[in-house]
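An overview of the molecular structure
Chain residues, written in single-letter form:
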Amino acid sequence: MSSESLSEWASDVESVSGSVQSQKEENSDSNYWYGIFTAVVVPWIAFAASSGLLVFAFHLRPILVCVTLALFLFVAAFVIYLEQTVFRTWKSTGFLVIFAVCCGVAGGTLLYGTYLKQVNSISSLRRYDNVLPSEPAAGRQDAGKIFFAHGSRADVFRSVGFKDKDTYCVAPISVDNDDSVVQYWAVGVNCCRAREDMWCDDVGSPGVRGALRVPQGPRFVAGATGQLAQDNFRKAIALAEIEYGLQSADDALFVTWHRNPDRLESDLWRFAMGAWTVELAVYALVAYVAAVFFNQCYKGLAPDGK
């Protein structure tokens, strides 16, 4: 073989070797970004969808939301099964999605209970204007927002705090210390003394006449622990009846006292959106850390499994 032939052959081998190396590097880059997508981006999307469904849709379609979340978990479990049979390229993705859905449910439930449960309950109810505190609450059982007549106030000088780990505060809503049957009570938690002093929300502020209905049922008012808040408010009312000679209507409404209930409602929505955005940002970091952890447990995220 001539020297020219050997030179050409060596040049061809070098060219082929360079092409193979370049292809390996391209495959390595492709595998890396594919691994990032399956191990970080997909679980993050699952987290965003799960928490978003609970925050923004659960109050409208609770059954549909629960079915959708169950479907997420089923698909993730099915992917885990396929990893063991056919699609070995998605190692650990199914586990990461299950983890993301569980975190999304926890985060969405927290935001919903903190910001939106009361707002969503109130938004589905009616608004009443210029209500006299003496008007029977029996005719306002569908109230969400109440704006009382001029001169109405939460009477802090006839307020009572009932202690049960937390302090459950009540004050009658009246006009000029009216001694008629109390139809409406301003309530709060950990914002009063035992007697004649209460500062819950805007209680005590002059000129305030707006109120948000405290939804009935087994729920805690923010900050409450121990027994259900509704029961403890009733115990505080019983003390007020004894202390001040008051009489409470059997179907009296519990409200929180606010200068601008409409603005408070929009503020709660804005806080919920801000908190949800923070959750998404934090979980982006959590997703990366979880991917690294599962990568160590399941020997890599690369599609070839190596």
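Look a little higher up for the structure.
This is a predicted model, so every value here is computed, not measured.

Bringing empty space enclosed by the protein into the picture now. Going through the model one piece at a time under the given rule, you end up with one cavity of 30 Å³ or more. Approximately 70 Å³ is the volume attributed to the largest cavity. Along the walls of the largest cavity sit P133, S134, R158, P172, I173, S174, D178, S180, V181, V182, Q183 and L246, which together make up its complete lining. Put simply, the parts of the chain that give the lining of the largest cavity at least two residues each are strand 5 (166-175) and strand 6 (182-189). The element that contributes the greatest number of residues to the lining of the largest cavity is strand 5, accounting for three residues. Grouping the amino acids of the lining of the largest cavity by side-chain chemistry returns six nonpolar, four polar and two charged.

Relative to the assigned elements, V131 resides in strand 1 (residues 126-131). Sequence spacing of V131 and A149 is 18 residues, and the spatial spacing of their C-alpha atoms is 5.2 Å. With residues up to four places along the chain from it excluded, the contact list for V131 reads R140, I146, F147, F148, A149, S152 and Y184.

Our next topic: a nonpolar patch on the surface. Residues L71, F74, V75, F78 and Y81 make up a contiguous nonpolar surface patch of roughly 540 Å² in combined accessible area. The residue L71 is located in helix 2 (residues 62-83) in this model. A relative accessible area of 49% means that L71 is categorised as partly exposed.

Cut-offs and rules
- Residues numbered from 1 in each chain as written.
- Predicted model: local features only at pLDDT ≥ 70, side-chain atom pairs only at ≥ 80, totals over all residues.
- Heavy atoms only, no water.
- 1 Å grid on protein atoms, 1.4 Å probe; cavity = no way out; pocket = protein on both sides within 12 Å on 5 of 7 lines; lining within 4 Å.
- Points joined across faces, edges and corners; volume = space filled by probe spheres on them.
- Helix = DSSP H or I, 4+ residues; strand = E, 2+ residues; numbered from the N terminus.
- Nonpolar A, V, L, I, M, F, W, Y, C, P; charged D, E, K, R; others polar.
- Contact = heavy atoms within 4.5 Å.
- Patch = residues over 30% accessible without salt bridge, like charges linked within 9 Å, V, L, I, M, F, W, Y side chains within 5 Å.
- Areas by Shrake-Rupley, 256 points an atom, 1.4 Å probe, with all protein chains shown as cover.
- Salt bridge = Lys/Arg side-chain N within 4 Å of Asp/Glu carboxyl O.
- Buried < 20%, exposed > 50% of the residue type's maximum accessible area, 1.4 Å probe, protein only.

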